[in-house]
Number of protein chains: 2
Amino acid sequence: MPKTKNAFYAQSGGVTAVINASACGVIETARKYKNKIGKVYAGRNGIIGALTEDLIDTSRESASAIAALKHTPSGAFGSCRYKLKSIEEHRAQYERLIEVFKAHDIGYFFYNGGGDSADTCLKVSQLSEKMGYPIVAVHVPKTVDNDLPITDNCPGFGSVAKYIAVSTREASFDVASMAKTSTKVFVLEVMGRHAGWIAAAGGLASTKDTEIPIVILFPEVTFDKEKFLARVDELVKKHGYCSVVVSEGVKGPDGKFLSDQGLRDAFGHAQLGGVAPVVANMIKEGLNLKYHWGVADYLQRAARHIASKADVDQAYAVGKAGVEFAVKGNNAVMPAIQRVSSKPYKWKIAMAPLAKVANVEKMMPKDFITPDGFGITAKCRQYLEPLIKGEDYPPYKDGLPQYVRLKNVPVKKKLKTEFKV
Amino acid sequence: MPKTKNAFYAQSGGVTAVINASACGVIETARKYKNKIGKVYAGRNGIIGALTEDLIDTSRESASAIAALKHTPSGAFGSCRYKLKSIEEHRAQYERLIEVFKAHDIGYFFYNGGGDSADTCLKVSQLSEKMGYPIVAVHVPKTVDNDLPITDNCPGFGSVAKYIAVSTREASFDVASMAKTSTKVFVLEVMGRHAGWIAAAGGLASTKDTEIPIVILFPEVTFDKEKFLARVDELVKKHGYCSVVVSEGVKGPDGKFLSDQGLRDAFGHAQLGGVAPVVANMIKEGLNLKYHWGVADYLQRAARHIASKADVDQAYAVGKAGVEFAVKGNNAVMPAIQRVSSKPYKWKIAMAPLAKVANVEKMMPKDFITPDGFGITAKCRQYLEPLIKGEDYPPYKDGLPQYVRLKNVPVKKKLKTEFKV
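Residues numbered from 1 in each chain as written. Chains lettered and ligands numbered in written order. Predicted model: local features only at pLDDT ≥ 70, side-chain atom pairs only at ≥ 80, totals over all residues. Heavy atoms only, no water.

Colleague: Kindly report on the interface of chain A and chain B, identifying the contributing residues and their values.
Modeller: In this complex, chain A contributes 86 residues to the contact, which on the side of chain B involves 86 residues. Here chain A packs against chain B, burying approximately 7000 Å² in sum over the two surfaces, 56% of which is carbon and sulfur. On the chain A side of the interface with chain B, the three residues burying the most area are A:Glu170, A:Tyr298 and A:Arg405, jointly 10% of the side's total. Residue A:Arg301 pairs with B:Asp174 through a salt bridge whose shortest N-O separation is 2.7 Å. Across the chain A-chain B interface, the total number found is 29 residue pairs in polar contact (both at pLDDT 80 or more). Elements represented by at least two residues in the side of chain A that touches chain B include exactly α7 (157–178), β6 (185–190), α10 (275–287), β9 (291–295), α11 (298–302), β12 (396–397) and β13 (400–401) of chain A. Of the residues forming the side of chain A that touches chain B, the biggest block, 13 residues, is contributed by α7(A). Tallied by class, residues from the side of chain A that touches chain B come to 39 nonpolar, 28 polar and 19 charged. (Contact = heavy atoms within 4.5 Å. Buried area = accessible area lost by both parts, 1.4 Å probe. Salt bridge = Lys/Arg side-chain N within 4 Å of Asp/Glu carboxyl O. Polar contact = N/O pair within 3.5 Å; in protein donor to acceptor, adjacent residues only side chain to side chain. Helix = DSSP H or I, 4+ residues; strand = E, 2+ residues; numbered from the N terminus. Nonpolar A, V, L, I, M, F, W, Y, C, P; charged D, E, K, R; others polar.)

Shown next, in the form of structure tokens:
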């Protein structure tokens, strides 16, 4: 029988409505493999927790607290934006990781994040081969951007997509009611610097039985002001109103972000604005239509109250599968979601080699965007629809969702050395 | 037995997540008084529908379609921003109303809106006395601003309050996770030009068992930049992060809206921005903290998916009571919500004279805001808490809420005359 090793788990990058569901999957499953995994130590604020020996003892949390992670948004152990350099560039960093892992008898490494985090995980997985420290490193995928390769979709994305689809539908109903004497265009700014996955989800708001005039502005499509205004004008003339879903990453013909308008206040200070007010202003100036605009920002990725059931299930499943892969000794892998069928939606978990995941960005296929550049195709809809399916409401108390806060008891430090990050 | 008369119902002003629940209450209840009320004709786009004889025959809608209004946000018959002048100022307008009402045998008038609409309803109620046309006019209260007098609260507000409280909690969990290496302050802009009721709801996000550092900026409190930055600085130093909920109506010491910063783009064009980016920019410049900001805009008042059960129930109840008052011959009244107790929350419907409602704005009591001007008091919390209680989820299909769109069959015009609005 193999010797028991402790596990390290951490969350990295922008958090989501369901990354804690993955944490739940990791911890609950690890607790079932007591013959292989001792304790699960969570890194406080991602890999920084490992480097600074700032570990959290998850065994101090009750089963019910861990279960509650499944319905709690955000990163329960704190996240970080911190990328490891390569072993060649910054060997001391890896020596430090080995020092901390050795001190706490850590043989499993679970890193829960997106593309950058996959890269970090891959580097850690090389500790065995390159530096002789035996470790099994598994990447647990998460990103609202939906831009990881191999996996059909990324946990975290489905819930943002659902939030944007629901919000776009609701706001469109609102503007439709107001259009006769007041607002005719509603502009919603959504996340997505590089890929238009989230913006595309706005298109789901319009269905056969509930058609809604929506113009989507994708980062993949160079913004053409005249064409855009013509499209809005056409829809408002036909329907009396329209909604615009604009990705924060939309760029103009000059290659600059549309949000980067060189805004100055009365004193000449630069102002950092969003893209929604810029687009809204164009509509006002170009078409003289009354508008409203909103910026979803963190609300979209934190909205656990309207999370997609499919997303919650998958987030849990990748955490669970990550542990199952690890206890079988699979190093440098990632649980990937494989779509078996769209209608009915069926999926399973496969094992992807991490080397093929790290530093590869999956863009939206060209045939997911309509030829005019303002909408989603039937193919895109077929891909997206299953991801927002089902509701998975958190429990409420006095009108508010009851999200858990863990005790996050620190593991006693064993090292006398410090490490500056 | 009295002669049967038809009823006119219309929606006015900014729509809400639950104004259609009031419509449902009016129509379902009217259908029960067949000996008094013939058909319910809805005005397309509020009072404009009456003036232009653009009426919708709600009897053409199935019972299930009318029932579905209870879970559908926005205004099913279209709303308007249109205020009647007084009878003395614009007699022709009232003569037109009488002409239309006579042509369609309308003896009941239900107007569903806020302060301005109460004024319109009051003027219509005077048709009997001043112009000899017998009508029973009842105002059905609705406004997210919560600024109508006499009624303890306004239908529509509770659901916005719940949305803002839930969103603030969720975004705060998010920023708390990111704070170590990235965003430390999240700024959320909410509605409320004159009164801080909605901003106050942001304070509900923090409870005894889930404390969250929140700074609220109320329109009632003159913005003090130094004091504000000091407060944010203090909270970030103590908790590592904080959230700011800012009302769109916040004004600076110069009496101007804080959002009105005279922003110009690179070409010198004026840009209409929100207040969230202005506040966020101050935090960046003054404290050098990384921030994110969101603007809820229409999302907050259209968010039927997270409506307050108490709000839905009350919106329905005021519609129902409006009809009950009317069939008893009560002219120029409004169903008002009376709070019987806060814990447990109990309320009932009372009858308020419309003359005491129209053109009176209810501001937030001074003792609802903490002495430092940045938070809500226990008294405010006690008032607000019951209003967000309970969830009332709409039905979903393929991941999206199923909101009804009525057929809105027009009533055949009987008049040859037109009226220009």
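Colleague: Describe in detail α7(A), supporting the description with residues and values.
Modeller: Taking 1.5 Å per residue, 22 residues should reach 32 Å; α7(A) reaches 31 Å between its end C-alpha atoms and fits that length. For α7(A), the buried fraction is high: 21 of the 22 residues fall into the buried class. (Expected span 1.5 Å × (residues − 1). Buried < 20%, exposed > 50% of the residue type's maximum accessible area, 1.4 Å probe, protein only.)

Colleague: How would you explain helix α12 (residues 309–327) of chain B if you had to name every residue and give the values?
Modeller: Residue and element names in this part refer to chain B. Relative to the 27 Å expected for 19 residues at 1.5 Å per residue, α12 spans 27 Å between its end C-alpha atoms, a close match to the ideal helical length. Within α12, 15 of the 19 residues are buried, which leaves it mostly tucked inside the rest of the structure. The first or second residue beyond α12 is glycine 329, which carries a positive phi of 85°.

Colleague: Report on the relation of the copies chain A and chain B, specifying residues and quantitative values.
Modeller: Here chain A sits on chain B after a turn of 180° about the axis and a move of 0.0 Å along it, with an RMSD of 0.0 Å. The two molecules are tied by a two-fold rotation axis, judged by turn and shift. Residues of chain A ranked by C-alpha distance from the rotation axis are headed by A:Val295, positioned 2.4 Å from it. (Least-squares fit on C-alpha atoms with pLDDT ≥ 70 in both.)

Colleague: Give me the UniProt feature "active site" (unreviewed entry) in chain A: which residues, what numbers.
Modeller: The sites that UniProt annotates as "active site" (unreviewed entry) are A:Asp145. With respect to the element layout, A:Asp145 can be found in the loop between β5 (136–141) and α7. (UniProt positions renumbered as here; feature names shortened; annotations may be inferred.)

Colleague: Report on the packing of aromatic side chains, specifying residues and quantitative values.
Modeller: In the structure shown here, the tally under the stated rule is 28 aromatic pairs over all chains. Taken together, a centroid distance of 5.3 Å and an interplanar angle of 50° make the contact between A:Trp197 and A:Tyr383 tilted. Here A:Trp197 is found in helix α8 (residues 197–202), whereas its partner A:Tyr383 is found in helix α13 (residues 378–384), with 186 residues between them in sequence. For A:Trp197, a relative accessible area of 2% puts it in the buried group. Between the aromatic rings of B:Phe8 and B:Phe109, the centroid separation amounts to 5.4 Å while the plane-to-plane angle is 10°, which identifies the pairing as stacked. Note that B:Phe8 is positioned in strand β1 (residues 5–11) and B:Phe109 in strand β4 (residues 106–113), a separation of 101 residues in sequence. Sitting over the face of the ring of A:Tyr316, A:Lys70 holds its NZ or CZ atom 4.7 Å from the ring centroid. (Phe/Tyr/Trp six-rings, centres within 6.5 Å; stacked < 30°, edge-to-face > 60°. Lys NZ or Arg CZ within 6 Å of the ring centre and 35° of its normal.)

Colleague: Could you give me a rundown of the UniProt feature "site: Important for catalytic activity" (unreviewed entry) in chain A, with the residues and numbers involved?
Modeller: All names here are of chain A. Mapped onto this numbering, the UniProt entry gives "site: Important for catalytic activity" (unreviewed entry) at Lys142. Note on placement: lysine 142 falls in the loop between β5 and α7. For lysine 142, a relative accessible area of 4% puts it in the buried group. With near-sequence residues (within four places) excluded, lysine 142 lies in contact with Ser12, Gly13, Gly14, Thr16, Ile19, Asn112, Gly113, Gly114, Leu148 and Pro155.

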